[in-house]
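Next come the chains, spelled out residue by residue.
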Amino acid sequence: MESLLSLAFDNLSSFDGGKIKKGLKQVEGLLAQICLSGPSSPRKQSASPTRERERELPSRKVLADLSSDPAFREFFKLQEGFEWNIAQRLLTTLDWLVVRGGDGQYDLLIVNALDLIQGVLLLHPPSKILFSRSVHMNLLLDLLEPINCPAIQSATIITLVVALLDMPQNMRVFEQLDGLLTVTSLFKSRETGREVKFRLTEFLYFYLTPENPGPSISIPRAEAKMSAAAGGPGLLLQRSPSKLAKVFGGAGGGGREKERPATSSSSSSSASESGGNGMTLSVEAKKRFVDRYLPGVVDELLKDLNTYKPFGGVLS
């Protein structure tokens, strides 16, 4: 597995779009091998050629089965360190693509990278801690700006949900960096397409659900190794200032590359209404946050949550 990752990482580190595409395909193939079982053994007699082909296709593994799968155990072990952590490598590649892809030439690669980040975070939840760093959260927020195509915006919203799920510390970073302003401004814009607005509505449903403190994940030593080996945020490629403030009439043209401190009201609410661990926030507090940007909409969203229980009710 190390040799496969080494080849993929070499391609992902390239400055050539073709090689980056190949690296993304190699990562996708590796994740597919982990998530899919081998083809079923052929029977002596087949009812039809169609059924024969269906049996030859690999079937999905049940999530509960992965823990006992040797390939998955090896994959999970490798993800604990900087050298083989796929999420970190994909984020570095994604940052490069965003910098170089201003004319849209790398849009498809950006979407592919986001899809793979979603998969890696679901297979290795500890990698979500990467998004407790503002430099990585900022990257997702910049991809929600109106300058990006709808496909990138939709893929980013899904990635954001995965990165925030069961990670209250990541949610607080999202709020401190004016993530709600970014989401609600895009939602209110007349230029935002129907599909993106649908995804944004799903995100707001998710944001307004009760928070799960999740596992006790402190920043592991692997994360410290990642930061040290990468040379810290200073060595990451820097993007141009955020255009969100200009598009929606905000003051100044400064980007989110500089960490934005939480507003005093947000900070006080967080301090007074957080859970015992100082991380989780009550639904009422989050409702007030959303109501600042979308007045009159929150009650309808909460009513839908109670009535229709989106996401199968697992977040209720």
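For clarity, every value in this text was computed on a predicted model and none was experimentally measured. Per chain, the residues get numbers from 1 upward, laid out in the order the sequence is written. Local features in a predicted model are, by the rule used here, given only for residues with pLDDT of at least 70; side-chain atom pairs are given and counted only at 80 or more, and totals for whole chains, interfaces and linings are based on all residues. In computing side-chain properties, one takes all heavy atoms of the structure into account and sets aside hydrogens as well as water.

**Digging into the overall build of the protein chain**
When its secondary structure is counted, the protein chain shows 17 helices and 0 strands. Looking at the protein chain residue by residue over its 316 residues, the buried ones come to 43%. Every residue pair with non-hydrogen atoms within 4.5 Å of one another is taken to be in contact. The contacts in the protein chain between residues at least 6 apart in sequence include a share of 70% that link residues at least 24 apart. Per-residue and other accessible areas were derived by the Shrake-Rupley procedure at a 1.4 Å probe size, with only the shown protein chains allowed to occlude residues. As displayed, the protein chain has an accessible area near 16,300 Å², and 55% of this comes from carbon and sulfur atoms. A run of H or I in DSSP counts as a helix once it spans at least four residues, and a run of E counts as a strand once it spans at least two, with each numbered from the N terminus. Working definition: with a 1.4 Å probe on protein chains only, accessible area under 20% of the residue-type maximum means buried, over 50% means exposed, and in between means partly exposed.

**Looking at the confidence of the model for the protein chain**
pLDDT runs from 0 to 100 and stands for how confident the predictor is about each residue. Of all residues in the protein chain, 67% attain a pLDDT of 70 or more, and the chain-wide mean is 77. Confidence over residues 38-47 falls short of pLDDT 50; this stretch has 10 contacts with residues more than four positions distant or in other chains. For the stretch residues 216-278, pLDDT sits under 50, and the model shows 106 contacts to residues farther than four places along the chain or on other chains.

**Brief notes about the pattern of salt bridges**
Salt bridge, as used here: a side-chain nitrogen of Lys or Arg that lies within 4 Å of a carboxyl oxygen of Asp or Glu. By the definition in use, this model includes 7 salt bridges. Shared partners join several salt bridges into a network, and the residues in it are R172, E175, E211 and K286.

**Points about the nonpolar core**
Core analysis: the largest hydrophobic core is formed by 74 residues, its most contacted members being I86, L94, M137, F174, F203 and Y207. Sequence-distant contacts of Y207, that is, excluding residues within four places in its chain, are made with M171, F174, E175, L180, K286, F289 and V290. Joining through side-chain atoms within 4.5 Å is the link that ties buried Ala, Val, Leu, Ile, Met, Phe, Trp, Tyr and Cys residues into a set, and such a set is a nonpolar core.

**Here we look at the packing of aromatic side chains**
To pair, rings of Phe, Tyr and Trp, with the six-membered ring standing in for Trp, must have centres within 6.5 Å; the planes then decide the type, stacked if under 30 degrees apart, edge-to-face if over 60, and tilted in the middle. Under the counting rule described, the total for this entry stands at 8 aromatic pairs. Put simply, the rings of F174, F203, F206 and Y207 touch in pairs and so form one group of aromatic residues. Criterion for a charge above a ring: Arg CZ or Lys NZ at most 6 Å from the ring centre, at most 35 degrees from the ring normal. Cation over ring: R89 sits above F82, and NZ or CZ is 5.7 Å from the ring centre. Just above the ring of Y207 sits the side chain of K286; from NZ or CZ to the centre is 5.1 Å.

**Looking at helix α8 (residues 134-143)**
Most of α8 is tucked away, with 10 of its 10 residues classed as buried. Three or more residues of α8 are buried, namely S134, V135, H136, M137, N138, L139, L140, L141, D142 and L143.

**Focus: the packing of helix α11 (residues 179-188) against helix α16 (residues 283-293)**
For the pair α11 and α16, the least separation of the axes is 9 Å and the interaxial angle reads 45°. Accordingly, the angle class assigned to the pair α11 and α16 is oblique. When the axes of α11 and α16 are compared, the crossing they make is right-handed. Residue-level inspection shows L180, L181, T184 and K188 of α11 in contact with α16, the latter providing F289, V290 and Y293. Classes in brief: Ala, Val, Leu, Ile, Met, Phe, Trp, Tyr, Cys and Pro nonpolar; Asp, Glu, Lys and Arg charged; the others, Gly included, polar. Counted by class, the contact of α11 with α16 contains 5 nonpolar, 1 polar and 1 charged residues. Helix axes are fitted to C-alpha atoms over the stretch in contact, other axes to C-alpha atoms as well, and angles between N-to-C directions run from 0 to 180 degrees. In these notes the angle categories are as follows: under 35 degrees is roughly parallel, over 145 is roughly antiparallel, 65 to 115 is roughly perpendicular, and the rest is oblique. The hand of a helix crossing depends on one turn: near helix anticlockwise from the far one by less than a right angle means left-handed, and clockwise means right-handed.

**A word on the environment of S6**
As for its position among the elements, S6 is in helix α1 (residues 2-12). Separated by 77 residues in the primary sequence, S6 and E83 place their C-alpha atoms 9.4 Å from one another.

**Side note on the side chain of R172**
Turning to its location among the elements, R172 is positioned in helix α10 (residues 168-176). Judged by its relative accessible area of 7%, R172 is buried. Think of a polar contact as two N or O atoms within 3.5 Å of one another; within protein, one of them needs to be a possible hydrogen donor and the other a possible acceptor, and neighboring residues in sequence only count if both atoms come from side chains. A polar atom in the side chain of R172 sits 2.4 Å from the backbone oxygen of M279.

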